[in-house]
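Below are the chains, spelled out letter by letter.
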Amino acid sequence: MDSNKEKILYHKKLSLLRIITNSTPSVVVIIIILIFLPQYFLETFYNSDIVFEVTLILVGLLIFLIYHIISEKKGSYFFITAQDIHYHKFNRPNKLDKIAIKDISKITIESLNVVVYGKNKEKLILDYLSKPQDVKKEIENYLKDATLK
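Reference entry: report on the structure contained in this document. It should be emphasised that the depicted structure is a prediction, and the values quoted were computed from it without experimental measurement.

**As for the packing of helix α2 (residues 24-36) against helix α3 (residues 51-75)**
- Close contact between α2 and α3 brings their axes to 10 Å; oriented N to C, the two are set at 160 degrees. When the axis of α2 is compared with that of α3, the two are roughly antiparallel. Seen along the crossing, α2 lies across α3 with a hand that is left-handed. Within the contact between the two elements, α2 uses P25, S26, V29, I30, I32, I33 and F36 and α3 uses V54, I57, L58, L61, L62, F64, L65, H68 and I69.
- When grouped by side-chain class, the residues that make up the contact of α2 with α3 number 14 nonpolar, 2 polar and no charged.

In structure tokens form, the structure reads like this:
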């Protein structure tokens, strides 16, 4: 947040389920786990020498998945102040982090993500948020309040 400590008017926590299903590293790890997992159910697999190696791979993938989810949840944020909408994803340092409420031209929901368009062709994609319809309504309320002032 800025040094002038703007007051947060609206805050929504990120959805853990959306982080798992929207994040590319999480989905890739889950697919790899699902590929390795059926091998445990084969009778011949228990007699082979690679049980230990596959178990280590699965444990390593699970540790990576848990670490990624925790760091993504801790490092990402979303809140609205009187002047701006702030949104940051932990693994995207070069993306647009905030947009002024007075500069918003359009708000849409695209594939369960709220997309806020600015007047200068800016685009702020708010993913990882649960109930995007509620978030869109809340932003529209602040947009109406800003235009009335």
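**Observations regarding α3**
- Here α3 is 25 residues long and its end C-alpha atoms lie 36 Å apart, about the 36 Å a rise of 1.5 Å per residue gives.
- Listing the buried residues of α3 in full gives V54, L58, L61, L65, H68, I69, S71 and E72.
- Where the residues of α3 are buried, they touch α1 (16-22) and α2.

**Describing the nonpolar core**
- In terms of nonpolar packing, the biggest core is built from 20 residues, with F78, I80, I85, V116, L126, V135 and I139 touching the most fellow members.
- Put simply, the parts of the chain that give this core at least two residues each are β2 (77-81), β3 (84-88), β5 (104-110), β6 (113-118), β7 (123-126) and α4 (132-148).

**Considerations on the packing of aromatic side chains**
- Under the counting rule described, the total for this entry stands at 3 aromatic pairs.
- When the centroid spacing of 6.2 Å and the interplanar angle of 80 degrees are considered together, the rings of Y10 and F78 count as edge-to-face. Of this pair, Y10 sits in strand β1 (residues 8-11) while F78 sits in strand β2, placing them 68 residues apart in sequence. Note on accessibility: Y10 and F78 belong to one class, buried.
- An angle of 25 degrees between the planes, with centres 5.7 Å apart, marks the rings of Y77 and F79 as stacked.
- On the basis of relative accessible area, Y77 is assigned to the partly exposed category, the value being 33%.
- In this structure an aromatic cluster arises from ring pairing among Y10, F78 and Y87.
- Directly above the aromatic system of Y117 lies the positively charged group of K106, at a separation of 4.8 Å from the ring centroid.

**Quick look at α2**
- Here α2 spans 19 Å end to end across 13 residues, near enough to the 18 Å set by a 1.5 Å rise per residue.
- Inspection of α2 places S26, V29 and I33 among the buried residues, and these make up the whole buried set. Relative to the axis of α2, the buried residues are bounded by an arc of 70 degrees and lie together on one face. Set apart from the buried face of α2 by more than 90 degrees, the exposed residues are T24, L34 and I35.
- Of the surrounding secondary structure, the elements contacted by the buried residues of α2 are α1 and α3.

**Observations regarding the side chain of N113**
- Along the polypeptide, N113 turns up in strand β6.
- Under the relative-accessibility criterion, N113 is labelled buried at 11%.
- In terms of polar contacts, N113 uses its side chain to reach the side chain of R18, at 2.5 Å.
- The residues touching N113, leaving out its near neighbours within four places in the chain, are R18, N22, T108, I125, L126, D127 and Y128.

**Concerning the sheet that holds β5**
- Overall, antiparallel pairing links the 3 strands, which are arranged β5-β6-β7 in an open sheet. If you trace the sheet from one side to the other, it starts and ends with β5 and β7, each paired once. If you compare each strand with its neighbour and ignore which way they point, the axes differ by 20 degrees on average.
- Pairing between β6 and β7: 4 bridges, direction antiparallel. Counted as the bridge partner of V116 is L124 from β7.

So, how was this worked out
- Residues numbered from 1 in each chain as written.
- Predicted model: local features only at pLDDT ≥ 70, side-chain atom pairs only at ≥ 80, totals over all residues.
- Heavy atoms only, no water.
- Axes fitted to C-alpha atoms, helices over the stretch in contact; angles between N-to-C directions.
- Helix = DSSP H or I, 4+ residues; strand = E, 2+ residues; numbered from the N terminus.
- Parallel < 35°, antiparallel > 145°, perpendicular 65-115°, else oblique.
- Left-handed = near helix turned anticlockwise from the far one by under 90°.
- Contact = heavy atoms within 4.5 Å.
- Nonpolar A, V, L, I, M, F, W, Y, C, P; charged D, E, K, R; others polar.
- Expected span 1.5 Å × (residues − 1).
- Buried < 20%, exposed > 50% of the residue type's maximum accessible area, 1.4 Å probe, protein only.
- Core = buried A, V, L, I, M, F, W, Y, C linked by side-chain atoms within 4.5 Å.
- Phe/Tyr/Trp six-rings, centres within 6.5 Å; stacked < 30°, edge-to-face > 60°.
- Lys NZ or Arg CZ within 6 Å of the ring centre and 35° of its normal.
- Arc of directions from axis to C-beta.
- Polar contact = N/O pair within 3.5 Å; in protein donor to acceptor, adjacent residues only side chain to side chain.
- Pairing = 2+ DSSP bridges.

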